[in-house]
Amino acid sequence: MKRFGSLRRSKKRKEQDGLGGRHQSEASCLSASGLSTPPTTPTQACSQPVFTQEAQPSGPSPERLEASTRSRSISTPPGTGQRLGLPFAKPPIAASSSPVPSYSTSPQVYGLFEGMLEKLELDDDAAEPESDIYMRFMKSHKCYDIVPTSSKLVVFDTALQVKKAFFALVANGVRAAPLWDTEKQSFVGMLTITDFIIILHRYYKSPMVQIYELEEHKLETWREVYLQATFKPLVNISPEASLFDAVYTLIKNKIHRLPVIDPVTGNALYILTHKRILKFLQLFMCEMPKPAFMKQTLGELGIGSYHDIAFIHPNTPIIKALNIFVERRVSALPVVDESGKVVDIYSKFDVINLAAEKTYNNLDITVTQALKHRSQYFEGVMKCHKMETMETIVDRIVKAEVHRLVVVDECSSIEGIVSLSDILQALVLSPADACKEETLAE
């Protein structure tokens with residue numbers, strides 16, 4: 001198992017939500033044995049990616065170099081290590097062979113937060129803020145800007161058994177992991193909870209029949225079987241690419257996780273998500289003029305999905321819910337009672353609890369029974385109404401740290417779904433499309 005890292009930016013940014021600062025990221029590589037191993041030397045056979053200490057992208061600015069430090073250490077096994085994937089987590093002192101540099105409290109440092117907006121050419125005399133201000137903000141910042149101060153990155157060798165890989169996702173508290181092919185010496189794909197769902201959907205027969213493909217197959221075998229007709233190269237992005245490019249790549253490819261890979265070293269630095277990007281944008285929204293559409297309602301803007309919404313009932317068997325996930329290509333299913341009221345929600349992330357509880361051999365149990373095994377505290381279904389403004393919706397979904405809001409009427413009956421991708425499309429990509437149309441018209 002290996003770690004690599006670098007620290008960057010200012011203390012002020014770290015205090016603002018963990019969405020800045022020079023970061024120290026852990027990269028753990030699980031080999032075919034499923035156990036962590038010490039870093040290999042150049043003379044040893046390489047059974048997993050060799051991560052160099054240079055995790056920072058090429059051409060850093062002088063600002064980044066001032067507080068830079070790099071470290072490498074051997075981490076604890078995945079089942080016992082600290083979970084460092086949360087935005088607010090801070091790197092443990094023991095994880096670094098060199099002390100973390102102290103930060104200056106000079107006015108220059110505290111000015112960096114406001115300095116994030118310097119590249120935006122804001123017109124104070126404008127009668128109304130331009131609708132493309134969030135698009136321009138995204139274009140003026142790089143993917144590297146939102147890599148957290150401390151994060152965990154788990155990497156799987158394709159020779160690892162499928163079952164061990166999913167257990168490792170649970171043990172490390174992560175939802176996805178890049179896949180490393182030792183023969184090709186490169187990253188070849190991502191393992192996500194969707195893969196676990198597809199395996200269960202394809203091969204589950206009954207509680208009396210063991211799922212051989214899950215118990216015995218290796219990741220490389222699963223990829224050969226599943227991707228033989230649908231193989232696509234790994235979608236990734238450079239840390240030097242703009243956040244606008246990241247949003248465009250996520251939405252265009254209909255993916256939820258985008259690995260950030262340094263093109264110089266080949267190291268995987270972080271996995272970008274819609275949630276992380278929107279949280280970063282929302283952090284600076286108070287510093288920017290608000291476009292007029294932020295005061296408009298969901299109904300007026302037409303944001304979200306409102307037709308043929310997939311849902312399930314409390315007594316729906318888990319296997320049927322998995323079938324809907326695969327066939328409808330949705331990431332969550334509202335749970336609706338007999339009166340049509342939304343009472344719960346079953347998401348793809350909840351499915352990983354089947355691996356955590358080792359109950360995936362019986363998928364005939366109901367959704368209600370399965371949701372009793374939620375590993376995290378559930379605050380209830382996050383809802384919204386069509387008459388609420390875009391500003392309210394953005395604040396609610398970011399603060400709740402969820403991937404979607406269920407749109408309901410006054411009786412709590414389901415009307416639609418508003419996802420993070422819907423919101424980013426409206427805030428960032430739609431204004432970009434409008435600008436293109438204006439340019440072509442001219």
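This is a predicted model, so every value here is computed, not measured.

(A) Inspection of the overall build of the chain at higher detail. If you tally the helices and strands in the chain, you get 17 helices and 13 strands. Within the span of the chain, comprising 442 residues, buried residues form 50% of the whole. Long-range contacts, defined here as pairs at least 24 residues apart, represent 69% of the contacts in the chain between residues at least 6 apart. A total of about 20,800 Å² of accessible surface is found on the chain, and carbon and sulfur atoms cover 51% of it.

(B) Up close: helix α16 (residues 390-400). Along α16, the positions that sit buried rather than exposed are Met390, Glu391, Ile393, Val394, Ile397 and Val398. Seen end-on, α16 carries its buried residues on one side only, within an arc spanning 165°.

(C) The arrangement of the pattern of salt bridges in detail. Per the stated rule, a full pass over the model turns up 8 salt bridges. One salt bridge connects Glu240 with Lys142, and the closest N-O pair in it is separated by 2.5 Å. Taken as a pair, Glu240 in the loop between α9 (219-226) and α10 (243-252) and Lys142 in the loop between α5 (133-139) and β4 (150-157) lie far apart in primary sequence, 98 residues in all. The partly exposed category is assigned to Glu240, whose relative accessible area is 24%. As a salt-bridge pair, Glu401 and Lys279 come within 3.5 Å of each other at their nearest N and O atoms. Placement of Glu401 in the loop between α16 and β12 (404-408) and of Lys279 in helix α11 (residues 274-285) is noted, with a sequence separation of 122 residues between them. Taking the relative accessible area as the measure of exposure, Glu401 reaches 38% and is therefore partly exposed. Here the salt bridges share partners, and the residues they tie into one network are Glu130, Asp132 and Arg136.

(D) Quick peek at the confidence of the model for the chain. Averaged over every residue, the pLDDT of the chain is 75; residues scoring 70 or more account for 66%. Mean pLDDT values over the elements of the chain span from 33, in strand β3 (residues 70-71), up to 97, in α10. Confidence over residues 20-25 falls short of pLDDT 50; this stretch has 48 contacts with residues more than four positions distant or in other chains. With pLDDT under 50 throughout, residues 124-128 is counted as low confidence; its partners more than four residues away or in other chains account for 1 contact.

(E) Broad picture of the pairing of strand β5 (residues 176-181). Of all 6 residues in β5, 6 are buried; the element is thus mostly enclosed. Sheet topology places β4 next to β5; 2 bridges connect them, and they run parallel. The residue bridging Phe156 from the neighbouring strand is Leu179, located in β5.

(F) Region of the structure containing the nonpolar core. In terms of nonpolar packing, the biggest core is built from 52 residues, with Tyr134, Leu272, Leu278, Leu281, Val394, Ile423 and Leu427 touching the most fellow members. Elements represented by at least two residues in this core include exactly α5, α10, β7 (257-261), β8 (268-273), α11, α16, β12 and α17 (420-441). The element best represented in this core is α17, accounting for 8 residues. Of all hydrophobic cores here, the second largest spans 46 residues; its members include Ile193, Ile199, Leu200 and Leu363.

(G) Highlighting the packing of α11 against α16. At a minimum axis separation of 10 Å, α11 and α16 run at an interaxial angle of 125°. On the basis of their axis angle, the class for α11 and α16 is oblique. Here α11 and α16 pass one another in a crossing that is left-handed. In this structure, α11 contributes Leu278, Lys279, Gln282 and Met285 to the contact, and α16 contributes Val394, Asp395, Ile397 and Val398. In terms of residue class, the contact of α11 with α16 is made up of 5 nonpolar, 1 polar and 2 charged.

(H) Structural view of the pairing of strand β6 (residues 186-192). Taking burial as the measure, the 7 residues of β6 include 6 buried ones, the bulk of the element. Alignment of β5 against β6, held across 6 bridges, turns out to be antiparallel. Counterpart to Asp181 in the pairing with β6 is Ser186.

The rules behind these values
- Residues numbered from 1 in each chain as written.
- Predicted model: local features only at pLDDT ≥ 70, side-chain atom pairs only at ≥ 80, totals over all residues.
- Heavy atoms only, no water.
- Helix = DSSP H or I, 4+ residues; strand = E, 2+ residues; numbered from the N terminus.
- Buried < 20%, exposed > 50% of the residue type's maximum accessible area, 1.4 Å probe, protein only.
- Contact = heavy atoms within 4.5 Å.
- Areas by Shrake-Rupley, 256 points an atom, 1.4 Å probe, with all protein chains shown as cover.
- Arc of directions from axis to C-beta.
- Salt bridge = Lys/Arg side-chain N within 4 Å of Asp/Glu carboxyl O.
- pLDDT = per-residue confidence, 0-100.
- Pairing = 2+ DSSP bridges.
- Core = buried A, V, L, I, M, F, W, Y, C linked by side-chain atoms within 4.5 Å.
- Axes fitted to C-alpha atoms, helices over the stretch in contact; angles between N-to-C directions.
- Parallel < 35°, antiparallel > 145°, perpendicular 65-115°, else oblique.
- Left-handed = near helix turned anticlockwise from the far one by under 90°.
- Nonpolar A, V, L, I, M, F, W, Y, C, P; charged D, E, K, R; others polar.

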